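Results of the structural survey
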Amino acid sequence: MTDDDGRLIARLRALDTCAVSDALDALGLPCAVTGIAAQTTAKRIAGLAVTVKLTDRKPENAPVRHLCSGAVDSAGPGRVLVIEQRTGIDAAGWGGVLSNAAQAAGIEGVIVDGPARDIDEAAELGFPVYARSATARTARGRIYEEGFNIDIAVGELTVRPGDPIIADRSGVAAVPRDRAEDVLDKAEAIVARERAMTEAVRRGEPVGRVMGVSYETMLQRGGDD
């Protein structure tokens, strides 16, 4: 991991999905994905995406390996595995042995646009699994890996390898890597303003006035922070 990667991840970890989504909104970029929920622990995860695309068609001349295992072996601390399982087939895009391997590698957590399984096992480990749903159905003979570290779809987003990504109980937000500085600057400014607004209402200022003056202009695109 480069020093720049480390600084970027540290800034992302200090935020939450709402702040990142608001910043993306303000900059005219696709914002958070809803419907992907914490299945194991509510721990927030943040890092750089290592992507996997799953399919219902067995690729020709595909290497013989368990789906997602190549991505796990390539990743480590500061990385979040992000898996596209949008086949419509009720089969897990993630499971228990993978959770153990990912935790041992120091991977921050996994986000699955689709089902995951062995949820109790991952919960006992304290390993964060965010997914659309839980299932007991195996992927064997049902879904296959098209590739890893390629562009994938998560909700309405395109997630690319190395994109900063964050997930918590509010949703999932991914940041285009080439806009990371802009988005983080904006998100940090939003957090600072919301903190000031919170302090104002706790001092007894009317919430309608505080939010009318500050909140309604905070996310204007192209506006001041």
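Residues numbered from 1 in each chain as written. Predicted model: local features only at pLDDT ≥ 70, side-chain atom pairs only at ≥ 80, totals over all residues. Heavy atoms only, no water.

Of all hydrophobic cores here, the largest spans 25 residues; its most connected members are Leu-81, Ile-83, Trp-94, Val-110 and Val-129. If you list the elements that add at least two residues to this core, you get strand S2 (45-55), helix H3 (69-74), strand S3 (79-84), helix H4 (96-105), strand S4 (109-116), helix H5 (119-125) and strand S5 (129-134). Non-local contacts of Val-129, meaning those with residues more than four positions away in its chain, are made with Ala-37, Ala-38, Gln-39, Thr-40, Trp-94, Ser-99, Val-110, Ala-116, Ile-119 and Ala-122. In this structure, Leu-15, Leu-29, Ala-32 and Ala-187 belong to the second largest nonpolar core, which totals 20 residues. (Core = buried A, V, L, I, M, F, W, Y, C linked by side-chain atoms within 4.5 Å. Buried < 20%, exposed > 50% of the residue type's maximum accessible area, 1.4 Å probe, protein only. Helix = DSSP H or I, 4+ residues; strand = E, 2+ residues; numbered from the N terminus. Contact = heavy atoms within 4.5 Å.)

What follows covers the pairing of strand S10 (residues 171-174). Side chains of S10 alternate between two faces, with Gly-171 and Ala-173 and Val-172 and Ala-174 buried alike. In this sheet, S10 lies alongside strand S9 (residues 164-168) in antiparallel orientation, the contact comprising 4 bridges. Counted as the bridge partner of Ile-166 is Ala-173 from S10. Between the end of S9 and the start of S10, which pair antiparallel, lie 2 residues. (Pairing = 2+ DSSP bridges.)

For the structure on display, the rule yields 16 salt bridges. The residue Asp-4 makes a salt bridge to Arg-7 at a minimum N-O spacing of 2.3 Å. In this pair, Asp-4 and Arg-7 both sit in helix H1 (residues 3-13), 3 residues apart, roughly one turn of the helix. Of the charged contacts in the structure, one is a salt bridge between Asp-56 and Arg-57, with a shortest N-O distance of 3.4 Å. Taken together, the shared-partner salt bridges connect Arg-11, Glu-181, Asp-185 and Glu-188 into one network. (Salt bridge = Lys/Arg side-chain N within 4 Å of Asp/Glu carboxyl O.)

Attention now goes to H1. Within the span of H1, buried status applies to Asp-5, Leu-8, Ile-9 and Leu-12. Projected down its long axis, H1 shows its buried positions confined to an angular sector of 100°, all on one face. Against helix H2 (17-26), S2, S3, S9 and helix H6 (180-202) lie the buried residues of H1. (Arc of directions from axis to C-beta.)

Right, let's talk about the packing of H2 against H6 for a bit. Helix-helix packing: each pair is described by the crossing angle between the helix axes and the interaxial distance. In the contact formed by H2 and H6, the axes pass within 8 Å of each other and the chain directions differ by 115°. Remark: the crossing between H2 and H6 carries right-handed chirality. For the pair H2 and H6, the contacting residues are Ala-19, Val-20, Asp-22, Ala-23, Leu-24 and Ala-26 in the first and Val-183, Lys-186, Ala-187, Ile-190, Val-191 and Glu-194 in the second. By residue class, the composition of the contact of H2 with H6 is 9 nonpolar, no polar and 3 charged. (Axes fitted to C-alpha atoms, helices over the stretch in contact; angles between N-to-C directions. Left-handed = near helix turned anticlockwise from the far one by under 90°. Nonpolar A, V, L, I, M, F, W, Y, C, P; charged D, E, K, R; others polar.)

Attention shifts here to the side chain of Thr-55. Checked against the element boundaries, Thr-55 lands in strand S2. Accessibility expressed as a relative area gives 6% for Thr-55, which makes it buried. Sequence-distant contacts of Thr-55, defined by excluding residues within four places in its chain, comprise Thr-87, Ile-143, Tyr-144 and Glu-146.

Turning our attention to a nonpolar patch on the surface. Nonpolar side chains collect at one region of the surface, where Val-201, Val-207 and Met-211 lie side by side and expose about 210 Å² of accessible area between them. The topology assignment puts Met-211 in helix H7 (residues 207-218). (Patch = residues over 30% accessible without salt bridge, like charges linked within 9 Å, V, L, I, M, F, W, Y side chains within 5 Å. Areas by Shrake-Rupley, 256 points an atom, 1.4 Å probe, with all protein chains shown as cover.)

Looking now at unusual backbone geometry. Unusually for a residue other than glycine, Cys-68 sits at a positive phi of about 75°. With respect to the element layout, Cys-68 can be found in the loop between S2 and H3. In this structure Cys-68 comes out as buried when scored by relative accessible area, which is 1%. Of note in this structure, Asn-149 is not a glycine but carries a positive phi near 55°. Relative to the helices and strands, Asn-149 resides in the loop between strand S6 (144-148) and strand S7 (152-154). The class for Asn-149 is partly exposed, based on a relative accessible area of 35%.

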